[in-house]
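Residues per chain, in single letters:
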Amino acid sequence: MASTYSNTTQEREATIVEPQEVPEIAMDLFSVGLPLHLQGSPGIGKTYIGRVIAGQLAESQGLNLVICSQNNQKIWNEDEFGFFESNMSHYESEDWMMPKIERKTGKYMREPTDALPTTPNGLFQIDEIAKKPETYRFVAQLMNEGRIGWDYFLPKNTCIMTTSNLTSDRAGAHRLHSDLINRLGMYEVVPTAVGFANHHGEDLNPHVRGFLEWFPHQILQFDPKKADQPFASPRSIFSVSRLMDTWCPEKKTGFDPEGARAIKSLSGIVGFTWATSFLSILAHKWSAREINDMIIDPEGCRTKIDKLKEDNDMIMVCSLTIMLTKRVVTDPTQYGPVMKFLLGINRECAVHFDTMLKRSLGDDSAAWQEIKASNSEYAKYRIETNDIRTNNYNN
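Residues numbered from 1 in each chain as written. Predicted model: local features only at pLDDT ≥ 70, side-chain atom pairs only at ≥ 80, totals over all residues. Heavy atoms only, no water.

Re the packing of aromatic side chains
Between two aromatic rings, the relevant description is the distance of the centres plus the angle of the planes. Under the definition given, this model contains seven aromatic pairs. An angle of 70 degrees between the planes, with centres 4.8 Å apart, marks the rings of F211 and W274 as edge-to-face. One end of the pair, F211, is in helix 6 (residues 206–214); the other, W274, is in helix 9 (residues 272–283), and 63 residues separate them in sequence. You can call F211 buried: its relative accessible area is 1%. On the basis of relative accessible area, W274 is assigned to the buried category, the value being 1%. (Phe/Tyr/Trp six-rings, centres within 6.5 Å; stacked < 30°, edge-to-face > 60°. Helix = DSSP H or I, 4+ residues; strand = E, 2+ residues; numbered from the N terminus. Buried < 20%, exposed > 50% of the residue type's maximum accessible area, 1.4 Å probe, protein only.)

Notes on helix 1 (residues 22–31)
For helix 1, every residue scored as buried is listed here: V22, P23, A26, L29 and F30. Seen end-on, helix 1 carries its buried residues on one side only, within an arc spanning 120 degrees. Opposite the buried face of helix 1, at more than 90 degrees from it, the exposed residues are E24, D28 and S31. (Arc of directions from axis to C-beta.)

Considering the pattern of salt bridges
When their charged atoms lie close together, side chains carrying opposite charge are able to pair. For the structure on display, the rule yields three salt bridges. Residue R147 pairs with E145 through a salt bridge whose shortest N-O separation is 2.6 Å. A relative accessible area of 13% means that R147 is categorised as buried. You can call E145 partly exposed: its relative accessible area is 41%. (Salt bridge = Lys/Arg side-chain N within 4 Å of Asp/Glu carboxyl O.)

Let's talk about the nonpolar core
In terms of nonpolar packing, the biggest core is built from 56 residues, with I237, F278, L324, Y335, F341 and F353 touching the most fellow members. Not counting chain neighbours up to four residues away, the residues in contact with I237 comprise F196, V208, L212, Q218, I219, A232, V270 and W274. Core analysis: the second largest hydrophobic core is formed by 29 residues, A140, L142, L180 and M186 among them. (Core = buried A, V, L, I, M, F, W, Y, C linked by side-chain atoms within 4.5 Å. Contact = heavy atoms within 4.5 Å.)

Considerations on the packing of helix 10 (residues 288–296) against helix 12 (residues 314–330)
It is the contact of helix 10 with helix 12, at a shortest axis distance of 12 Å, that shows an interaxial angle of 85 degrees. The angle between helix 10 and helix 12 places the two elements in the roughly perpendicular class. Together, A288, I291, N292 and I295 of helix 10 and L320, M323, L324 and R327 of helix 12 make up the contact between the two elements. Considered class by class, the residues forming the contact of helix 10 with helix 12 number six nonpolar, one polar and one charged. (Axes fitted to C-alpha atoms, helices over the stretch in contact; angles between N-to-C directions. Parallel < 35°, antiparallel > 145°, perpendicular 65-115°, else oblique. Nonpolar A, V, L, I, M, F, W, Y, C, P; charged D, E, K, R; others polar.)

Quick word on the state of the cysteines
Scanning all chains against the criterion turns up zero disulfides. For C318, which is in no disulfide, the shortest distance to another cysteine sulfur is to C349 and amounts to 9.7 Å. We classify C318 as buried; its relative accessible area is 0%. (Disulfide = S-S within 2.5 Å.)

Re the packing of helix 6 against helix 7 (residues 234–244)
With their axes 8 Å apart at the nearest point, helix 6 and helix 7 run at an angle of 140 degrees to one another. Relative to helix 7, helix 6 is oriented oblique. On helix 7, the residues touching H207, V208 and L212 of helix 6 are I237, V240, S241 and M244. Split by residue class, the contact of helix 6 with helix 7 holds five nonpolar, two polar and no charged.

Next up, the structure:
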């Protein structure tokens, strides 16, 4: 009888997960001694996830987290939990286990180096593991037996996590060997705009937040065929967010998104396509008087509002909802008339506005709770947009 399992490939299909899902999965694996492997495109936060997991492990055990640099190792105490990272982009296999000849006996030995953790209670994260296939034999034994040869033993209560790029990313990653794959839980990390916005919360620039709300597919614009060019990823997009926060219009200091160098500055971070799309949103201007007239006197501005509804200009309505979100963040009492106005344009505008506002104010903030509790337009919005929120936005 033919086997139901295929042995024609060395790599199994990875389960796709969002970054925020990984810590709970890691807890499940570590509870039964299984290592975790994360693979995915550059810039999606694989290494950062390890620090989050280490923090949760430390908290669950009542220990204090200690971050240990791979270039300046710190030995943590037994009442602490260490996050120890080893990046295989920087190491050769000899940097883990150094060959040594015992002088008296002439016996061949391998001496562990400080690239390996030696103190109990920790998370040992091996980044870019797929760049050095020659280390697979060490890692496989470490995962299976908790040792390397008879010269090194993994300290007690130490979990193992590895990361790599996809082989298709052209980032120098090789295929993992099947014996290694079968010793761990393997997942492909794919970011989403919603997860990214939720993770960064109020730290995310409102213009970046609004842009991703309307164009969620822009969260990752990596093309392996153009791997030598800048591209948008959660890491590079957050860099744009930080850059945007430096701009002070009153003092004319920091990064000016309307300045002559804006397109070059952003293109070098997130690529030309993302940069031009984002800056086109910022370039569309709405005067305060123009917005006020449409909100206060919608019938008197019926022609302008109808044009908004008919044109279905994504750039125009994205710009409008970003401005209105900033207005209500400053003055939450404006929520009612603004929501009524947006529902008059279309329900999608109302959903995006509500989502951006909730993330800007914070789901548990007093201002947001007051809006939900006392605003009739909020109740109307929830009824009228239920199908959109349920099916597309998961709010």
